[in-house]
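Reading the structure
Each chain, written out:
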Amino acid sequence: MTEFLCIGHRGACGHAPENTLEAFELAITMGCPWVELDVYCVEGELIVIHDHKLERTTNGEGLVMDASLDYLRSLDAGNQQRIPTLNEVIECVNHRAIINIELKGPNTALAVNLLLNSFLKAGWQTDEFLISSFNHKELALADSQYRRGVLFYKVRQDYFDTTMKLNAYSINLDVKIVDQKTVEQAHERGLKVYVYTVNKLEEMLRMKSLGVDGIFTNYPDIFPE
Ligand code: G3P
Ligand code: MG
């Protein structure tokens, strides 16, 4: 039986403020073997937030990349949680789940390499991480000792040229574009297929029947056994 992974999307963000320590803790409590998060790099520090604007998920205003680190860290990201640093999330997860770090902001790959390399020195393993991005140029800068996931949001003829060039571990597809043929072609090439964002049980079961290897979900509590 092949594995069908439940990946807590931005933590268990259907039940706790997204990309906060509370959301990651909850995802792990709900049984997620993996969690996913999004990073930006501000003043050399990797912070965990999805949008390039602050308004939707915090009590702040403006663009993440225009803000100071002090300002970002002063904000409430929901339930009086701070925007966490990637360092804080890795320490909080503490080997209890694999962490998919999505490079969302500009110029994040080198900072992620540095941080993860410091965790390796502290006893973490390379396969406790997957680095992914829609920005394939940025992803190419991710240290090749870590697994890479290539994200796509629309159908592309060059899926597998891109994954091969990046020596990827997985192809990460929008639920709207995944189909049986792509799953089979990916598997023939030794790639895992992870699909985002799958929030309904029927869709989860459909993904399982297509043979995908895992889904990103905001609702790990409804993931089928
Ligand atoms: O990595 C899967 C998924 O998170 C990609 O889309 O916009 O939710 O970061 P988004
Ligand atoms: Mg993401």
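Coordinates for the structure precede this section.
Residues numbered from 1 in each chain as written. Chains lettered and ligands numbered in written order. Predicted model: local features only at pLDDT ≥ 70, side-chain atom pairs only at ≥ 80, totals over all residues. Heavy atoms only, no water.

1. Notes on the overall build of the protein
Rule in force here: Only DSSP runs of H or I with at least four residues qualify as helices, and only runs of E with at least two residues qualify as strands; both kinds are numbered from the N terminus onward. Put simply, the radius of gyration uses C-alpha atoms, and a globule should come to 2.2 Å times the residue count raised to 0.38. Working rule for contacts: check all heavy atoms of both residues, and any pair within 4.5 Å makes them a contact. In these tables, accessible area is a Shrake-Rupley quantity obtained with a 1.4 Å probe, and a residue counts as shielded only by the protein chains included in the view. Just so you know, the count uses Lys and Arg for positive and Asp and Glu for negative, and it drops His and the chain ends. Lys charges are placed at NZ, Arg charges at CZ, Asp charges at CG and Glu charges at CD.
Helix and strand counts for the protein come out as eight helices and nine strands. Computed over the C-alpha atoms, the radius of gyration of the protein is 17 Å, within 12% of the 17 Å expected from 2.2 N^0.38 for a compact globule of 225 residues. Seen along its three principal axes, the alpha-carbon backbone of the protein occupies a region of about 50 × 35 × 35 Å. The long-range share in the protein, meaning contacts at least 24 apart out of those at least 6 apart in sequence, stands at 52%. Summing over all exposed atoms, the protein offers an accessible surface of approximately 10,500 Å²; the carbon and sulfur share of this is 49%. Of the charged side chains in the protein, 21 are positive and 32 negative, and the gap between their average positions amounts to 6 Å.

2. Here we look at the site of ligand 1
The line we're drawing: Proximity is defined per residue: if any heavy atom of the residue lies within 4 Å of a molecule or strand, that residue is considered near it. Pairing of N or O atoms within 3.5 Å defines a polar contact, subject to two protein rules: one partner must be a possible hydrogen donor and the other a possible acceptor, and residues neighboring in sequence count only if both atoms are side-chain atoms. Each residue is assigned to one class: nonpolar for Ala, Val, Leu, Ile, Met, Phe, Trp, Tyr, Cys and Pro, charged for Asp, Glu, Lys and Arg, and polar for all the others, Gly among them.
Lining the immediate environment of ligand 1, one finds H9, R10, E36, D38, H50, E102, K104, F134, L151 and Y196. H50 is positioned with one of its side-chain polar atoms (N or O) 2.7 Å from an oxygen atom of ligand 1. Within the complex, the protein chains bury 91% of what would otherwise be the 290 Å² of accessible surface of ligand 1. Split by residue class, the shell around ligand 1 holds three nonpolar, two polar and five charged.

3. Observations concerning the coordination of the magnesium ion (ligand 2)
Rule in force here: A 2.8 Å cut-off from the metal defines N, O and S donors, relaxed to 3.2 Å for Na, K and Ca; water is not in the atom list, so some sites may appear incomplete.
Coordination of the magnesium ion (ligand 2) by the protein is provided by E36 (OE), D38 (OD) and E102 (OE), with metal-donor distances spanning 2.0 to 2.1 Å. For the magnesium ion (ligand 2), the donor residues sit on a single chain with the sequence spacing E-x1-D-x63-E. Taken as a pair, D38 in strand 2 (residues 34–42) and E102 in strand 4 (residues 98–103) lie far apart in primary sequence, 64 residues in all.

4. Quick word on the pairing of strand 1 (residues 5–9)
Applicable threshold: For every residue, the accessible area obtained with a 1.4 Å probe (protein chains only) is divided by the maximum for its type, and the residue is called buried under 20%, exposed over 50%, and partly exposed between those limits. Any two strands between which DSSP finds at least two bridges are classified as paired.
In terms of burial, strand 1 is largely enclosed, as five of its five residues are buried. The alternating pattern of strand 1 places L5, I7 and H9 and C6 and G8 on opposite faces, both of which are buried. Two strands pair when backbone bridges link them, and strand 1 and strand 2 are joined in this way by three bridges, in the parallel orientation. Among the inter-strand pairings, G8 is bridged to a residue of strand 2, identified as V35.

5. With respect to the packing of helix 1 (residues 21–29) against helix 3 (residues 86–93)
Quick note on the threshold: In this analysis, axes come from line fits to C-alpha atoms, helices being fitted only over the stretch in contact, and the angle between any two N-to-C directions falls in the range 0 to 180 degrees. To sort the angles, those under 35 degrees are grouped as roughly parallel, those over 145 as roughly antiparallel, those from 65 to 115 as roughly perpendicular, and the leftovers as oblique. Handedness of a helix crossing follows the sense of rotation of the near helix relative to the far helix, less than a right angle counterclockwise being left-handed and clockwise being right-handed.
Packing of helix 1 against helix 3 brings their axes to within 10 Å, and their N-to-C directions diverge by 25°. In terms of their interaxial angle, helix 1 and helix 3 are classed as roughly parallel. Remark: the crossing between helix 1 and helix 3 carries right-handed chirality. Contact with helix 1, carried on its side by L21, F24, E25 and I28, involves E88, V89, C92 and V93 of helix 3 and no other residues of that element. Classifying every residue of the contact of helix 1 with helix 3 gives six nonpolar, no polar and two charged.

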